[in-house]
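Here's the letter readout for the chains.
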2 protein chains.
Amino acid sequence: MNDKPIGIFDSGVGGVTVLKELQKLLPNEDYIYIGDTASFPYGSKSKKTIIELCKKRIENLIDMEVKIIVIACGTATSQALEEMRKIFNIPIIGIIKPTVKYLKGKNYKNIGVIATTGTIRSNGWEENIRKSIPDAKVQNKACPLLAPMAEEGWTNNEIAKLAVHEYIKDIKDIEALILGCTHYPLFKEIIERELKSNVDIINTGEMVAEELKEFIYANNLENSTEKSGNTEIFLTDLECNFINVAKSLMQKDRIDIQKID
Amino acid sequence: MNDKPIGIFDSGVGGVTVLKELQKLLPNEDYIYIGDTASFPYGSKSKKTIIELCKKRIENLIDMEVKIIVIACGTATSQALEEMRKIFNIPIIGIIKPTVKYLKGKNYKNIGVIATTGTIRSNGWEENIRKSIPDAKVQNKACPLLAPMAEEGWTNNEIAKLAVHEYIKDIKDIEALILGCTHYPLFKEIIERELKSNVDIINTGEMVAEELKEFIYANNLENSTEKSGNTEIFLTDLECNFINVAKSLMQKDRIDIQKID
């Protein structure tokens, strides 16, 4: 069991920001990543559709014999995580709860959330924050164009700068800004320049990696080999910009991807 | 039969650019418009999914007893029109053939096409152009962010200007540029400024209106009442920016929309 890989999926390249944090914290683990590029974007789809898509991706990962699954997608976590836990027996980690745990630890009360339209509508972030921090003030903002821009590789050009400004200009007096979609850490530099320096910009991947590490050690699931782990990447559609964005994100010259149906 | 409405659908607000041209040329007709906002964007979806969605929307329109259907969407025309004609008996008009007829009439040989990723991949425009104008040179460019920007209402700001520039800067020496997605006429002003003044920027809605008028008169289907026609608008998801974009496009203070499943 311990030598089995960790499964991780997202609608596209966004989850690679989470994968990167997992690899940093758990370098001996093997990873299987699925980018559901054929169905990108998740952010504008109905809950029903998201549930169907997540079911398929988790079935794919279970077929590949992973030991645990990380939903590295804000939309999928907010719309489908509970449902998936009812359907499947395998442990599944999303991006919301580990992040809320961190917020509570920091005692933040004024929190901004930027995410896809689907995530904001589901109210998944705000509901979970209020459960842990009842007196928190939450400012939500849907940013429907950011994930598509990230898939296009437009994360540090003038267009991205203006779009980020447009989306976050009205969020005021916050201690922390949650990047509630895993594509958004790709805009981190721009977001930092846009916000006051004392705002904690939260890359959920870091919290997910902490949570996963705790879970793996608590359940004696760690890969005990000393070699550095292997990562396999599968996409549901190869005709996309995934490789270019992922290469720059992972600072690699070459990434191998395979097709999965 | 003649008094029945004309059915028209698109993934979102883009088809309103076509509706507007139809209303101009056939003002006595009644129209029923469906914007499939719950499934927006079509442009990044597989052919199979587009076919399923078009089937549902056409069934909706047939249930509402329309006399003819206009697919006011480049992606749906290129991916599903043929299939729809096999399934349904009702006359169906897409946006590609009427436009190609116009190109041939103008004797254009150097043609640019901008459209969604799905449309460009399907090669629907280039194939149809070559059938009519075998020696045409066609330059294709997928612009995956433009339709989402139009739905967001970002059609005449700095972000739209930069995005349009980025997408069309490499298209050179053309006589005509086809706006191969019905959302793109919303960017017409910006595109005009970006291109040389002698390039014919083609709003497919105008050609579709001509084709529809011809068809209706040739088949004695015209609405003979003298009142100006009525338009009903249905959306598959009401939580979107449709109204604001449509209001400015149709230069109306108020637009009524209804929900359809």
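The model shown is predicted, which means the values in this text are computed figures rather than measured ones.

## Comments concerning the layout of surface pockets
Here is step 1: Taken as a whole, the second largest pocket holds about 1000 Å³ of empty space.
Here is step 2: Every element with two or more residues in the lining of the second largest pocket is listed here: α2 (47-63) of chain A together with α2 (47-63) of chain B.
Here is step 3: For the lining of the second largest pocket, the per-class residue count stands at nine nonpolar, 10 polar and 16 charged.

## Looking at the relation of the copies chain B and chain A
Here is step 1: The operation relating chain B to chain A is a screw motion whose rotation component is 180 degrees, with 0.0 Å of axial translation and a residual RMSD of 0.0 Å. Such a turn and shift between the copies fits a two-fold axis. By C-alpha distance to the rotation axis, the residue of chain B lying nearest is B:Ile159, at 2.7 Å.
Here is step 2: With an isologous cut-off of 70% or more, the 100% of interface residues of chain B that recur at the interface of chain A puts this contact in the isologous class.

## Quick word on the interface of chain B and chain A
Here is step 1: Across the contact, 20 residues belong to chain B and 20 residues belong to chain A.
Here is step 2: Of the roughly 1700 Å² buried between chain B and chain A on both sides combined, carbon and sulfur atoms contribute 64%.
Here is step 3: The largest per-residue losses of area from chain B upon contact with chain A belong to B:Arg121, B:Leu145 and B:Trp154, which jointly make up 31% of the total buried on that side.
Here is step 4: Counting every contact that joins chain B to chain A gives two salt bridges.
Here is step 5: A salt bridge links A:Asp237 to B:Arg121; the shortest N-O distance between them is 3.1 Å.
Here is step 6: Where chain B meets chain A, there are six residue pairs in polar contact (both at pLDDT 80 or more).
Here is step 7: Every element with two or more residues in the side of chain B that touches chain A is listed here: α7 (146-152) and α8 (158-168) of chain B.
Here is step 8: Counting residues per element, the side of chain B that touches chain A draws most heavily on α8(B), at six residues.
Here is step 9: Partitioning the side of chain B that touches chain A into residue classes produces 12 nonpolar, one polar and seven charged.

## Focus on unusual backbone geometry
Residue and element names in this part refer to chain A.
Here is step 1: Of note, the amide linkage connecting Phe 40 to Pro 41 takes the cis form, showing an omega dihedral of -5 degrees.
Here is step 2: Relative to the helices and strands, Pro 41 is located in the loop between β2 (31-35) and α2.
Here is step 3: Despite not being glycine, Asn 220 shows a phi value in the positive range, around 50 degrees.
Here is step 4: Within the secondary structure, Asn 220 sits in the loop between α10 (204-218) and β9 (231-235).

## Some details on the sheet that holds strand β3 (residues 68-71) of chain A
Residue and element names in this part refer to chain A.
Here is step 1: Judged by pairing direction, the sheet is parallel, and its six strands sit side by side in the order β4-β3-β1-β2-β9-β10 without closing on themselves. Strand pairing shows two members of the sheet lacking a second neighbour, β4 (92-93) and β10 (257-259), which therefore form its edges.
Here is step 2: Note that β9 and β10 share three bridges and pair parallel. Among the inter-strand pairings, Phe 234 is bridged to a residue of β10, identified as Gln 258.

## Describing the sheet that holds strand β7 (residues 176-179) of chain B
Residue and element names in this part refer to chain B.
Here is step 1: The four strands lie next to each other as β6-β5-β7-β8, forming an open sheet whose pairing is parallel. Edge strands, defined here as strands with exactly one partner in the open sheet, are β6 (137-142) and β8 (200-203). On average, adjacent strands in this sheet sit at an angle of 20 degrees to one another, irrespective of strand direction.
Here is step 2: In terms of strand pairing, strand β5 (residues 110-115) meets β6 through six bridges, oriented parallel. Note that in β6 the partner of Asn 110 across the bridge is Lys 137.
Here is step 3: Each of β5, β7 and β8 is contacted by helix α4 (residues 96-106), which is oriented at about 155 degrees to β8, the strand it contacts most.

## A short note on the domain arrangement of chain A
Residues and elements named next belong to chain A.
Here is step 1: You can read the domains of chain A as domain 1 (6-94 + 206-259) and domain 2 (96-204).
Here is step 2: When each unit is reduced to the centre of its C-alpha atoms, the spacing between domain 1 and domain 2 is 20 Å.
Here is step 3: Domain 1 puts 28 residues into the contact, and the matching count from domain 2 is 25 residues.
Here is step 4: Counting each side, the surface lost to burial between domain 1 and domain 2 is near 2100 Å², with a carbon and sulfur contribution of 59%.
Here is step 5: If you look at where domain 1 meets domain 2, you find two salt bridges.
Here is step 6: With its nearest N and O atoms 2.9 Å apart, the salt bridge here joins Glu 211 to Lys 101.
Here is step 7: At the surface where domain 1 touches domain 2, the tally comes to 16 residue pairs in polar contact (both at pLDDT 80 or more).
Here is step 8: When residues of the side of domain 1 that touches domain 2 are traced back to their parent elements, those giving at least two are α1 (16-25), α3 (74-87), α10 and α11 (242-250).
Here is step 9: Taken together, the residues of the side of domain 1 that touches domain 2 break down into 10 nonpolar, 13 polar and five charged.

Quick notes on the rules
Residues numbered from 1 in each chain as written. Chains lettered and ligands numbered in written order. Predicted model: local features only at pLDDT ≥ 70, side-chain atom pairs only at ≥ 80, totals over all residues. Heavy atoms only, no water. 1 Å grid on protein atoms, 1.4 Å probe; cavity = no way out; pocket = protein on both sides within 12 Å on 5 of 7 lines; lining within 4 Å. Points joined across faces, edges and corners; volume = space filled by probe spheres on them. Helix = DSSP H or I, 4+ residues; strand = E, 2+ residues; numbered from the N terminus. Nonpolar A, V, L, I, M, F, W, Y, C, P; charged D, E, K, R; others polar. Least-squares fit on C-alpha atoms with pLDDT ≥ 70 in both. Contact = heavy atoms within 4.5 Å. Buried area = accessible area lost by both parts, 1.4 Å probe. Salt bridge = Lys/Arg side-chain N within 4 Å of Asp/Glu carboxyl O. Polar contact = N/O pair within 3.5 Å; in protein donor to acceptor, adjacent residues only side chain to side chain. Pairing = 2+ DSSP bridges. Axes fitted to C-alpha atoms, helices over the stretch in contact; angles between N-to-C directions. Domains from an automatic or database assignment.

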